[in-house]
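Descriptive structure summary
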Amino acid sequence: MNFEGLDPGLAEYASAMHSALDPVLDAHLNPSLLQNVELDPEGVALEALPVQESVHIMEGVYSELHSVVAEVGVPVSVSHFDLHEEMLWVGSHGGHATSFFGPTLERYSSFQVNGSDDIRQIQSLENGILFLTKNNLKYMARGGLIIFDYLLDESEDMHSLLLTDSSTLLIGGLQNHILEIDLNTVQETQKYAVETPGVTIMRQTNRFFFCGHTSGKVSLRDLRTFKVEHEFDAFSGSLSDFDVHGNLLATCGFSSRLTGLACDRFLKVYDLRMMRAITPLQVHVDPAFLRFIPTYTSRLAIISQSGQCQFCEPTGLANPADIFHVNPVGPLLMTFDVSASKQALAFGDSEGCVHLWTDSPEPSFNPYSRETEFALPCLVDSLPPLDWSQDLLPLSLIPVPLTADTLLSDWPAANSAPAPRRAPPVDAEILRTMKKVGFIGYAPNPRTRLRNQIPYRLKESDSEFDSFSQVTESPIGREEEPHLHMVSKKYRKVTIKYSKLGLEDFDFKHYNKTLFAGLEPHIPNAYCNCMIQVLYFLEPVRCLIQNHLCQKEFCLACELGFLFHMLDLSRGDPCQGSNFLRAFRTIPEASALGLILADSDEASGKGNLARLIQRWNRFILTQLHQDLQELEVPQAYRGAGGSSFCSSGDSVIGQLFSCEMENCSLCRCGSETVRASSTLLFTLSYPEDKTGKNCDFAQVLKRSICLEQNTQAWCDNCEKYQPTIQTRNIRHLPDILVINCEVNSLKEADFWRMQAEVAFKMAIKKHSGEISKNKEFALADWKELGSPEGMLMCPSIEELKNVWLPFSIQMKMTKNKGLDVCNWTDGDEMQWGPARAEEEHGVYVYDLMATVVHILDSRTGGSLVAHIKVGETYHQRKEGVTHQQWYLFNDFLIEPIDKHEAVQFDMNWKVPAILYYIKRNLNSKYNLNIKNPIEANVLLAEASLARKQRKTHTTFIPLMLNEMPQVGDLVGLDAEFVTLNEEEAELRSDGTKSTIKPSQMSVARITCVRGQGPNEGIPFIDDYISTQEQVVDYLTQYSGIKPGDLDAKISSKHLTTLKSTYLKLRFLIDIGVKFVGHGLQKDFRVINLMVPKDQVLDTVYLFHMPRKRMISLRFLAWYFLDLKIQGETHDSIEDARTALQLYRKYLELSKNGTEPESFHKVLKGLYEKGRKMDWKVPEPEGQTSPKSAAVFSSVLAL
């Protein structure tokens, strides 16, 4: 129903008044309603209004039979007679639904459908009830259980629904479309366009869909195509209601008058056979609702809001004698419905009362209603009490159903007999490594089971002992992960356990006891952490990338250089690549290649990580090559992420990784075409034969580099596509050889496994000194291999298993443009001569530097880790020692490993993905000096990105040349943030909350304030950071950031890019200033900066006692400075200034840190006052500040 132009008093019954469903009676409720209504102790009306026994119902004449209260004081929004059972459904403006059974209107069920919106329409189905609210369709059982809940778009404003068949539903409202919903799949199947302002009433016959519009029109639409077949312009104002019966369409509504809309007392009636209007029907009430009630004749029931009801024939004259009056409790009738049997009418009023009018004393709502299912009565109360203290009391007093089945308590005797458990066999690894002294054996613990726990077999028929039931301790704690039984704990996927303090109490040192920095994994698309570490530990790449700086906003080379700088500064603390990954997500090629994972795919591991990281490897080398090429040669080739480049020597990435190729295409006609190209990496191509013969890695690599294949190609000589032989030859070898392993199927995995087995057997024969090739050897024959009692300087058997990859390979360019590749061992160097003579003969030795592997995990899709050989320069900088060592990098877990572990690949769980080989003595070829590319001019004045920004809006004064900060200068800093992704958490069974994934924050405003000089306290940076990502929450109450502040089109703030402001802060860090602020650890973390601890003066820790709570800046400012800050919102300028003042106060109270005992007394007084005040700043102006106390006699002035 459309309520435009109705009684203005209707506005008093807005749903917002009743959203809380307060049990007390509404102020608008008629007091007379309370005479016969019982209220439960909470004040909610539960009983119906009884009807006096003297009421007499005359057959054939409608009279009131019953009245009930659905919800006290809450207007009824819709009523509906159930089409399958003898029930009446009522919906309220507060979103509550109530059902009444039978003509006595006994309450059957009552439940909340929507928390805030009113119920617009109700439709009964065989298995439940459909409820339509503003932007929600809910299907619920008649008892209140939800069957499905279909959320519509928030911009929708739905008013009506129409069930076209048993499984199809149309929904319309105040928008320019109607939705078709399939109830079986609960999905939108069609969207039909309609004219604005939409459809509020829908009816259906066997010929047309009838749609009523608020503009006063009724459109007739085709049943199949939903196209408009005819249209009636019924009223000039608005349509109130209409109904269809037979060949007649009757409408009521409002007409436009000079004073506004007025209820039209003429009903417009249309003949659907001739599609034209017939004589309007004049009635004596103000029509708001109308329905056909076809019993003996096609009667019309016309209802007014005030409660008047008139019956008349649509083609005759209305008789004033046919008017009867409904006595609503409230001033207005809100809804009207007719039962399917036409024996009952239902009215709902504005005070929550429902009135049932019938034409017989015992009416039925439907011609054939099914039996209604009621809740079973409780039988417990009817049982006699049983006193357990009476020993002679017969237990037969408790009724037990008679059954022929065996009871659970009838336990078989065979299951009750004691059976001893046999101890499980001793682990074979323990027996192999055991050394006996007398009758006692000693062996190292293989750590395959939990301490002091032995699992047992319960079934003797088990052929193998189930060792998966006891799992070794994982690096993230003891968890039941049977599928990871074969995966060493250091290789398992690590996650951060978040507490209420976030990351502050998480022990990263437990996972990383080195001084190298790990990378945090919770950021979107952080699967590439292992590859970032590989690039960082390539010394030429690390230095050359850090020397790069350009003006491009989203430059991966710049962001990677910033991340490398953080890894350099860190002393074992983990870093995060949030800014790098944010720039990565903006690159169109990354999205086109499928490198950007959705959060759901990343969490569930739907993507193939091995393929993904290999595509990422190719992409990052290509992108870095292009970024550096643009800086050095602006006219360089701008490809779309391919593997070929016009001039690879123009960038340092090209110099390091590029391999010049010569591609030859030979047609069968004899025509040969040669073209030159270059590539940054190679992909392994495996042989097709499945024999178990030995195939060196060097042979497979040569076959992959000098690839030869038959393919169709265009021949200029033949002028058509012809079968051609494509061959590829090498012109120049790269300094860093990058190989994608492409182990993407079982076929490639079996090839690696088979070659590892062959290599293992050959290594056993080689180290054992056996010559005979036909003799088979058992592992037990080589128990002493590699031990002091056995052969010296030999690897152990465990080190030889699953190894096919060589640590070094030798590559030689031949005179006829050929390539020789062979495996290289350290002993070969004595035969070939020293390494310095290699290049003179065209011979190069490549050493394995890194392997990236895919750890298989069926639950999460696996993870990616890297084995990296860390060079001498890194150990010299971090630890002051000169040596090389292999490390495992598993996000923030870093652990030294044996070199053989880097080339061991158990294909059941550890699959190779990427290999990096570097030329021997590579570092000597390149200048490895890092020159900081960030200069002081980044702090000078810059233009704002905002179009509407004016000088009058400027909130800061940029630094002048004579104000440039020096080492040790103070800078007040504060930052404000917005939320990009909400926090993901789960509620444990004990009621505590566990954070699965923290909210993703983005810096929105950064302010830096002068800490000394004549302009002390005046900001020189106040940048609002423009963002291209969708902001979920601006956190205006805490950040002061409003929607539009970060939009360059409408913002009036000084808007800059994140990179521009980042460079300013990096310059301040590099110059050696000291930052003063409150909670700077979180600020620097979100900004993605690594600041040395001696350059951070955080007031949250200066005014903190061990094992006590942290104190807010607002309370500290009130307590020490008599300042009331952060009133309505936070302001970063105010917060930065206050932090500077608090630091000055700290120096004053602690005598520059020389009197810690006296300052400790001040902190005790602070905490005592805080507990008394509940850490809240008093609001009344008359409250005295503790600054007037004796301990704060001196007043600090800035």
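Rules and cut-offs
- Numbers given for residues are sequential positions, taken from 1 along each chain in its written order.
- A pLDDT threshold of at least 70 governs which residues receive local features in this predicted model, and a stricter bar of 80 or more applies before side-chain atom pairs are shown or counted, although totals over entire chains, interfaces and linings include all residues.
- Excluded from the side-chain calculations are hydrogens and water; all other atoms, namely the structure's heavy atoms, are used.
- For two strands to pair, DSSP has to find at least two bridges joining them.
- Counting from the N terminus, the helices are the DSSP runs of H or I reaching at least four residues and the strands are the DSSP runs of E reaching at least two.
- Comment: axis = line fitted to C-alpha atoms, over the contacting stretch for helices; angle = value between 0 and 180 degrees taken between N-to-C directions.
- Put simply, angles under 35 degrees are roughly parallel, angles over 145 are roughly antiparallel, angles from 65 to 115 are roughly perpendicular, and the rest are oblique.
- Any two residues having at least one pair of non-hydrogen atoms within 4.5 Å are treated as being in contact.
- Residues are grouped as follows: Ala, Val, Leu, Ile, Met, Phe, Trp, Tyr, Cys and Pro are nonpolar; Asp, Glu, Lys and Arg are charged; all remaining types, including Gly, are polar.
- UniProt positions are given in the numbering used here, feature names are shortened, and annotations may be inferred rather than shown by experiment.
- When a residue's accessible area, from a 1.4 Å probe over protein chains only, is under 20% of the maximum for its type it is buried; when over 50% it is exposed; and in between it is partly exposed.

What about the pairing of strand 10 (residues 158-165)?
Bridging between strand 10 and strand 11 (residues 168-173) involves six bridges; their strand directions are antiparallel. Residue pairing for strand 11: Leu 161 is matched across the bridge by Ile 171.

A look at the sheet that holds strand 16 (residues 217-222)
Read across the open sheet, the four strands follow the order 14-15-16-17; overall the sheet is antiparallel. Sheet topology places strand 14 (201-204) and strand 17 (228-233) at the edges, where each strand pairs with a single neighbour. Sheet twist, expressed as the average angle between the axes of neighbouring strands with direction ignored, equals 20°.

Description of the packing of helix 3 (residues 529-536) against helix 5 (residues 556-569)
Their axes nearest at 11 Å, the elements helix 3 and helix 5 cross at an angle of 80°. Between helix 3 and helix 5, the interaxial angle falls into the category roughly perpendicular. Seen from helix 3, the contacting residues are Ile 532, Gln 533, Leu 535 and Tyr 536; seen from helix 5, they are Leu 560, Leu 563, Phe 564, Leu 567 and Asp 568. Looking at side-chain class alone, the contact of helix 3 with helix 5 contains seven nonpolar, one polar and one charged residues.

Considering the UniProt feature "binding site: a divalent metal cation" (unreviewed entry) in the chain
Under the present numbering, the feature "binding site: a divalent metal cation" (unreviewed entry) in UniProt falls on Asp 974, Glu 976, Asp 1083 and Asp 1135. The named residues occupy 162 residues along the chain; their greatest pairwise C-alpha distance, 12.8 Å, places them in one compact cluster. You can see Asp 1083 is positioned in helix 18 (residues 1080-1087). Those residues in contact with Asp 1083, other than ones at most four positions away along the chain, are Asp 974, Ala 975, Phe 977 and His 1078. In this structure, Asp 1135 sits in helix 21 (residues 1132-1149). A relative accessible area of 4% places Asp 1135 in the buried class.

Structural notes on the sheet that holds strand 3 (residues 87-92)
Judged by pairing direction, the sheet is antiparallel, and its four strands sit side by side in the order 2-3-4-5 without closing on themselves. The outermost strands of the open sheet, each flanked by one partner alone, are strand 2 (76-81) and strand 5 (106-112). Direction aside, the axes of adjacent strands within the sheet are offset by 20° on average. Where strand 2 and strand 3 come together, five bridges link them in antiparallel fashion. Opposite Ser 79, over in strand 3, you have Val 90 as the bridge partner.

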